[in-house]
Amino acid sequence: MIHDQVEELISLYALDALEDGEASDVRLHLEDCEACRGELDEHRATIAALIPDAPAGDLLWDRISREINDENRVDESTVRPVELADRRIPLRATRWLVGGAVAAGVALGVVVLPQLIESPAPSLVASAEQAASEDGSIVADFTVDGTAVARIVLTSEGRGYVLPTDALEPLNQDRTYQLWVINDDADVISAGVLGADPAASAFTWTGDVSGFALTREVAGGVVSSAGDVVAVISEV
Amino acid sequence: MISTQAGDGTSDEDALITSIVQGDQTALRALYDKYGGAMQAVATKVLRDVNLAEDVVQDVFVNFWRDPGSFDSKRGSVRTFLVMLTHRRAVDMVRSEVARKRREERRPDRDYYDVAKEVETRDLGTAVRSALDSLAPPERDAIALAYFGGLSYVQVAHHLGAPEGTVKSRIRTGMKKLSTSLTGYQP
């Protein structure tokens, strides 16, 4: 495509309004034509000026931050990302966990898990409070001897938050708290690893849910666990 | 013609970009606070689906975090760059089969998309409104359908029942008028 032809199409290219083949031709020409690049930049600036500024929401930022932090953690640990379906544990262990009975030595059979994200706490706490006020949200507390150790908030859209209280005792650094979702089929699926001294965290869960469990595990999450249960929330 | 250089915020934005290159997430958050709303507005206009629009904005920011060097300050402001990436990504989604179907489900009648209303009801500054008013209605409709409708000029021509060459000409003329009217304008 010659220069004059491209010049005719630059404004349409800036609007993303060319057909694919034409856009490719223009893109090729732009690599070698400074004049056309300059004209394109002017058109893009004009178009951007048409868009008014608007407030940006915290919830979307939480999602962006979560994805970035997930990537960082995966890169650092070289842990393979795990599909949710891979994280189900055997039904036998599930029923034990839902029932709340302690059965030392029962294997949970879980693969390595993604970490929950600890974004700046004030933002997450505010997001959790907002989420708790939405119609259809689940709000429930993990309790130990009648004292709340962590609050769970899960919206109908699947945005989840864990808000530990001061009553949740810090663990040694070689241990971590781990959060589980129990679905309607009584499968127990990890929602993530909270760390040894958890701060407010976010998670995502879009399936059905009948309860939650909080356990103590080895740092980084478990592949197989004896199931050191801290608390269970059932029939939410 | 409108300036392609960033305005007074250039040095601040240079510092933010430098911080992002160094892995400072608070700098990315600052950019999000400044421009995330505009990006979401563009994506929502094109996709007519808040969830898909959020996916697009998330995708743009995560990719920018991965590769902040893709931004060249000599070619314009960060805002222009992010809006451009957002629009392109949204258009890609519109033209993909899945998004197209979801979009069509929300638009049982093809005439539902009222271009004039789309432009006039937006919260625009005086300069932008004046610039848009300087366009002949066929020019404004062609540009709005292409940009906010995510349509190619061929699709715009089909939609308006006008020859393709005519639509191309309307868009070119309209864009020239806009550039002239918005010289030096910063939103």
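Here, residues in each chain are numbered from 1, in the same order as that chain's written sequence. Whichever chain is written first becomes A and whichever ligand is written first becomes 1, with later ones labelled in order. The predicted nature of this model means local features are confined to residues of pLDDT at least 70 and side-chain atom pairs, given and counted, to a pLDDT of 80 or more, with totals for whole chains, interfaces and linings taken over all residues. Water and hydrogen atoms were dropped before computing side-chain values, which therefore reflect all heavy atoms in the structure.

## Topic: the overall build of chain A
For helices the rule is a DSSP run of H or I covering at least 4 residues; for strands it is a run of E covering at least 2, with both sets numbered from the N terminus onward. A tally of regular secondary structure across chain A gives six helices and eight strands. Working rule for contacts: check all heavy atoms of both residues, and any pair within 4.5 Å makes them a contact. Within chain A, residue pairs in contact and separated by at least 24 positions form 64% of the contacts whose partners lie at least 6 positions apart. Taken as a whole, chain A presents about 10,800 Å² of accessible surface, with 48% of it coming from carbon and sulfur. Note on areas: Shrake-Rupley, 1.4 Å probe, and residue coverage restricted to the protein chains presented here.

## A few points about the overall build of chain B
The secondary structure content of chain B amounts to ten helices and zero strands. Along chain B, helices (α) and strands (β) appear in the sequence α-α-α-α-α-α-α-α-α-α when read from the amino end. We call a residue buried when its accessible area falls under 20% of the maximum for its residue type, exposed when it is over 50%, and partly exposed in between, using a 1.4 Å probe and counting protein chains only. Among the 187 residues that make up chain B, the fraction classed as buried is 48%. Once local pairs closer than 6 in sequence are excluded, the contacts in chain B between residues at least 24 apart make up 67%. For chain B, the accessible area works out to roughly 8,600 Å², and carbon and sulfur atoms hold 48% of it.

## What to know about the side chain of Glu54(B)
Within the secondary structure layout, Glu54(B) lies in helix 3 (residues 50-66). Judged by relative accessible area, which is 19%, Glu54(B) ranks as buried. In this structure the side chain of Glu54(B) is engaged in a polar contact, spanning 3.0 Å, whose partner is the side chain of Arg63(A). Beyond its immediate chain neighbours, meaning those up to four positions away, Glu54(B) contacts Leu60(A), Arg63(A) and Gln40(B). N or O atoms closer than or at 3.5 Å make up a polar contact, with two conditions inside protein: a donor-capable atom paired with an acceptor-capable one, and, for residues adjacent in sequence, both atoms drawn from side chains.

## What to know about the interface of chain A and chain B
Chain A puts 43 residues into the contact, and the matching count from chain B is 55 residues. Here chain A and chain B share an interface that buries about 4,600 Å² over both sides, 58% of which is from carbon and sulfur atoms. Reported buried area values correspond to the accessible surface (1.4 Å probe) lost by two parts on association, with both partners' losses combined. Three residues, Leu50(A), Ile51(A) and Trp61(A), lead the burial of chain A against chain B; their summed loss comes to 15% of the area buried on that side. Throughout this description, the term salt bridge denotes a Lys or Arg side-chain nitrogen within 4 Å of a carboxyl oxygen of Asp or Glu. In this structure, the connection of chain A to chain B is made through seven salt bridges. Across the pair Arg63(A) and Glu54(B) runs a salt bridge, and its minimum N-O distance is 3.0 Å. In this structure, the connection of chain A to chain B is made through 21 residue pairs in polar contact (both at pLDDT 80 or more). Polarity classes work like this: nonpolar for Ala, Val, Leu, Ile, Met, Phe, Trp, Tyr, Cys and Pro, charged for Asp, Glu, Lys and Arg, and polar for all others, with Gly in that last group. By residue class, the composition of the side of chain A that touches chain B is 21 nonpolar, eight polar and 14 charged.

## Remarks on the packing of helix 3 (residues 34-49) of chain A against helix 4 (residues 78-94) of chain B
In contact at an axis separation of 9 Å, helix 3 of chain A and helix 4 of chain B are set at 85° when each is read in the N-to-C sense. By the angle between their directions, the pair helix 3 of chain A and helix 4 of chain B is classed as roughly perpendicular. Contact residues: helix 3 of chain A offers Arg44(A), Ala45(A), Ala48(A) and Ala49(A), while helix 4 of chain B offers Arg79(B), Thr80(B), Val83(B), Met84(B) and Arg88(B). Taken together, the residues of the contact of helix 3 of chain A with helix 4 of chain B break down into five nonpolar, one polar and three charged. Each axis is a line fitted through C-alpha atoms, taken for helices only over the stretch in contact, and angles between the N-to-C directions span 0 to 180 degrees. With respect to orientation, any angle under 35 degrees is reported as roughly parallel, any angle over 145 as roughly antiparallel, any angle of 65 to 115 as roughly perpendicular, and every other angle as oblique.

## Comments concerning the sheet that holds strand 3 (residues 159-164) of chain A
All names here are of chain A. As summarised here, the arrangement of the four strands in space is 1-2-3-6, forming an open sheet in which the pairing is antiparallel. Where the open sheet ends on each side, the last strands, each with one partner, are strand 1 (138-144) and strand 6 (201-204). Across the sheet, the axes of successive neighbouring strands diverge by a mean angle of 20°, strand direction being ignored. Two strands form a pair only when DSSP identifies at least two bridges running between them.

## Section: the packing of helix 2 (residues 25-47) of chain B against helix 4 of chain B
Residue and element names in this part refer to chain B. Where helix 2 meets helix 4, the closest approach of the two axes is 9 Å, and the angle between their N-to-C directions is 30°. By the criterion of interaxial angle, the relationship of helix 2 to helix 4 is roughly parallel. In terms of crossing hand, the pair formed by helix 2 and helix 4 is right-handed. For the pair helix 2 and helix 4, contact is made by Leu31, Tyr35, Ala38, Met39, Val42, Ala43, Val46 and Leu47 and by Val78, Arg79, Leu82, Val83, Thr86, His87, Ala90, Val91, Met93 and Val94, respectively. Each residue belonging to the contact of helix 2 with helix 4 can be placed in one class, and the counts come to 15 nonpolar, two polar and one charged. Left-handed describes a crossing whose near helix is turned anticlockwise from the far helix through less than a right angle; right-handed describes the clockwise counterpart.

## Focus: the nonpolar core
Counting 44 residues, the largest nonpolar core has Leu15(A), Leu18(A), Val26(A), Tyr147(B), Val167(B), Ile171(B) and Leu178(B) as its most contacted members. Counting residues per element, the ones that place at least two in this core are helix 1 (3-14), helix 2 (20-32) and helix 3 of chain A together with helix 2, helix 7 (126-133), helix 8 (137-149), helix 9 (153-160) and helix 10 (164-181) of chain B. The leading source of residues in this core is helix 8 of chain B, at seven residues. Contact partners of Tyr147(B), with chain neighbours within four places excluded, come to Leu15(A), Ile47(A), Ile51(A), Val42(B), Val46(B), Val83(B) and His87(B). Throughout this description, the term nonpolar core refers to a set of buried Ala, Val, Leu, Ile, Met, Phe, Trp, Tyr and Cys residues connected via side-chain atoms within 4.5 Å. Core analysis: the next-biggest nonpolar cluster, separate from the first, contains 35 residues, Leu60(A), Ala43(B), Phe64(B) and Val78(B) among them.

## A few points about the environment of Gln5(A)
Residue and element names in this part refer to chain A. Its location among the elements puts Gln5 in helix 1. Residue class for Gln5 comes out partly exposed when judged on its relative accessible area of 42%. Each C-alpha atom, one on Gln5 and one on Val26, is 9.1 Å from the other, the two residues being 21 residues apart in sequence.

## Considering the pairing of strand 4 (residues 175-182) of chain A
All names here are of chain A. With seven of its eight residues buried, strand 4 lies for the most part within the structure. Across six bridges, the pairing between strand 4 and strand 5 (residues 188-195) is antiparallel. Pairing of Trp180 across the sheet is with Ser190, part of strand 5. Hairpin remark: strand 4 followed by strand 5, antiparallel, with five residues in the connecting loop; positive phi at Ala186, about 65°.

## Some details on the sheet that holds strand 4 of chain A
All names here are of chain A. Reading across the sheet, the four strands line up as 5-4-7-8 and stay open at both edges, with antiparallel pairing between neighbours. The open sheet is flanked by strand 5 and strand 8 (228-234), the only strands paired with a single partner. Neighbour-to-neighbour, the strand axes of the sheet open up by a mean angle of 20°, direction not taken into account.

## Looking at the confidence of the model for chain B
All names here are of chain B. Every residue carries a pLDDT, the predictor's confidence in it, which falls somewhere between 0 and 100. The predicted model of chain B averages 82 in pLDDT, with 77% of residues at 70 or higher. Counting contacts from residues 1-8, a segment whose pLDDT is below 50, to residues more than four positions away or on other chains yields 25 contacts. Scored below 50 in pLDDT, residues 108-121 shows 24 contacts in the model against residues more than four places distant or in partner chains. For this predicted complex, the interface score ipTM comes out at 0.86, alongside a pTM of 0.59.

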